[in-house]
Amino acid sequence: MIKLYVHPLSGHAHRARLFISLIGLDADIIELDLAKGEHKTPAFLALNPFGQVPVLEDGGTVIADSTAILVYLAKAYAPKGWLPEDAAGAAGVQRWLSVASGEIAYGPCAARLVTVFGAKFDAEEVIARAHSILQRIDAELAGRQWIAADHPTIADVALYSYIARAPEGNVDRFRYHNVTAWLARIEALAGFHPFQKTPVGLADVA
Ligand SMILES: N[C@@H](CCC(=O)N[C@@H](CS)C(=O)NCC(=O)O)C(=O)O
């Protein structure tokens, strides 16, 4: 059976877990205790020398990195459409996978790391970065339902987790109405799997 190594409060791990659930794949979800350093053991470092979750193991195939896992699962197991095969369609999805690994990681993800895990980032700076990318995504979603196509793709899955839980990092995302509607569309998909909430940051008013 496929194994997915996660931490329940990791948005990177949640992306992979959410997609597994959306495509109805059977998987063994293995929670690592990051506080105890279970992601830095020799056995785990052999799977991912970066010592990070998520990691997917499918027989002899090991895939580290959340967006790489989404690509693998889309190609290996998902119904067509989650990762378009035509050149422009695939690039359109990659454009947003890059945002998930870039602006989202350094914005809303980093802001949440400050409040949930006590990371030593400049809160004001990372919150400002979060607003800047949320504004762009809100504008992008004006008049469209999904971020990269006229149907859901792995780009929507990759962006979801840290945007949904951005308030935990004191990022008021509620002013971005297109984003709010898009989050609700993802949450309404069959097989949706929620990202565990923590009590920190702004109250979840959505
Ligand atoms: N680019 C990686 C980032 C993964 C990542 O940052 N994972 C965090 C949890 S959210 C982690 O395992 N951090 C522990 C560490 O770096 O020591 C991905 O997309 O999967």
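Residue positions are given per chain, counting from 1 as you read along its sequence in written order. Predicted model: local features are reported for residues with pLDDT of at least 70 only, side-chain atom pairs are reported and counted for 80 or more only, and whole-chain, interface and lining totals are derived from all residues. For side-chain calculations, the full set of non-hydrogen atoms in the structure is used, while hydrogens and water are omitted.

A. Molecular detail of the packing of helix 4 (residues 87-101) against helix 7 (residues 154-164). It is the contact of helix 4 with helix 7, at a shortest axis distance of 8 Å, that shows an interaxial angle of 15°. By the angle between their directions, the pair helix 4 and helix 7 is classed as roughly parallel. Taken as a pair, helix 4 and helix 7 cross one another with a handedness that is left-handed. Along its contact with helix 4, which presents Val93, Trp96, Leu97, Val99 and Ala100, the element helix 7 presents Ile154, Ala155, Ala158 and Leu159. Considered class by class, the residues forming the contact of helix 4 with helix 7 number 9 nonpolar, no polar and no charged. As a rule, the C-alpha atoms of each element are fitted with a line to give its axis, helices using only the stretch in contact, and angles between N-to-C directions run from 0 to 180 degrees. Starting at the N terminus, helices and strands are each numbered in turn, a helix being any DSSP run of H or I of at least four residues and a strand any DSSP run of E of at least two. Relative orientations are named as follows: roughly parallel for angles under 35 degrees, roughly antiparallel for angles over 145 degrees, roughly perpendicular for angles from 65 to 115 degrees, and oblique for any other angle. Crossing handedness is read from the near helix: turned anticlockwise from the far helix by less than a right angle, it gives a left-handed crossing, and turned clockwise, a right-handed one. Residue contacts are counted whenever heavy atoms from the two residues lie within 4.5 Å of one another. For this classification, Asp, Glu, Lys and Arg are treated as charged, while Ala, Val, Leu, Ile, Met, Phe, Trp, Tyr, Cys and Pro are nonpolar and the rest, including Gly, are polar.

B. Spatial organisation of the packing of helix 1 (residues 11-22) against helix 3 (residues 66-76). Between helix 1 and helix 3, whose axes approach to 8 Å, the crossing angle comes to 15°. As summarised for this structure, helix 1 and helix 3 are arranged roughly parallel, according to the angle between their axes. Regarding helix 1 and helix 3, the two cross each other, and that crossing is right-handed. Residues His12, Arg15, Ala16, Phe19 and Ile20 of helix 1 form the contact with helix 3, whose participating residues are Ser66, Thr67, Ile69, Leu70, Leu73 and Ala74.

C. Representation of helix 4. In this model helix 4 runs 21 Å from its N-terminal to its C-terminal C-alpha over 15 residues, within 8% of the 21 Å that 1.5 Å per residue would give. A simple rule labels every residue: compare its accessible area, found with a 1.4 Å probe on the protein chains alone, to the largest value its type can have, and call it buried under 20%, exposed over 50%, or partly exposed in between. Here helix 4 has its buried residues at Gly89, Val93, Trp96, Leu97, Val99 and Ala100. One face of helix 4 carries all of its buried residues, which in axial projection span an arc of 155°. Every exposed residue of helix 4 that faces more than 90 degrees away from the buried side is listed here: Ala87 and Ala88. Each helix should span, by expectation, one fewer than its residue count multiplied by 1.5 Å. When we speak of the arc, we mean the arc of directions from the helix axis to the C-beta atoms.

D. The arrangement of the site of the ligand in detail. To be near a molecule or strand, a residue needs just one of its heavy atoms within 4 Å of it. In the vicinity of the ligand, the contacting residues are Ser10, His12, His39, Lys40, Gly51, Gln52, Val53, Pro54, Asp65, Ser66 and Tyr162. We call two N or O atoms a polar contact when they sit within 3.5 Å, provided that within protein one can donate a hydrogen and the other can accept it, with sequence-adjacent residues counted only if both atoms are side-chain atoms. Here an oxygen atom of the ligand and a side-chain polar atom of glutamine 52 are 3.1 Å apart. Surface accessibility in these figures is a Shrake-Rupley result with a 1.4 Å probe; residues are shielded only by whichever protein chains are displayed. The fraction of the free accessible surface of the ligand (510 Å²) that becomes covered by protein chains is 74%. Class assignment of the residues belonging to the shell around the ligand gives a composition of 3 nonpolar, 6 polar and 2 charged.

E. Just the pairing of strand 1 (residues 2-6), in detail. Buried residues dominate strand 1, accounting for 4 of its 5 residues. Here strand 1 runs beside strand 2 (residues 27-31); their pairing, made up of 5 bridges, is parallel. Pairing of isoleucine 2 across the sheet is with alanine 27, part of strand 2. For the handedness criterion, the β-α-β arrangement of strand 1, helix 1 and strand 2 is classed as right-handed. DSSP-based pairing: two strands are paired if at least 2 bridges between them are found. When the strands point away from the viewer and the connection leading from the first strand across the helix to the second strand turns clockwise, the crossover is called right-handed.

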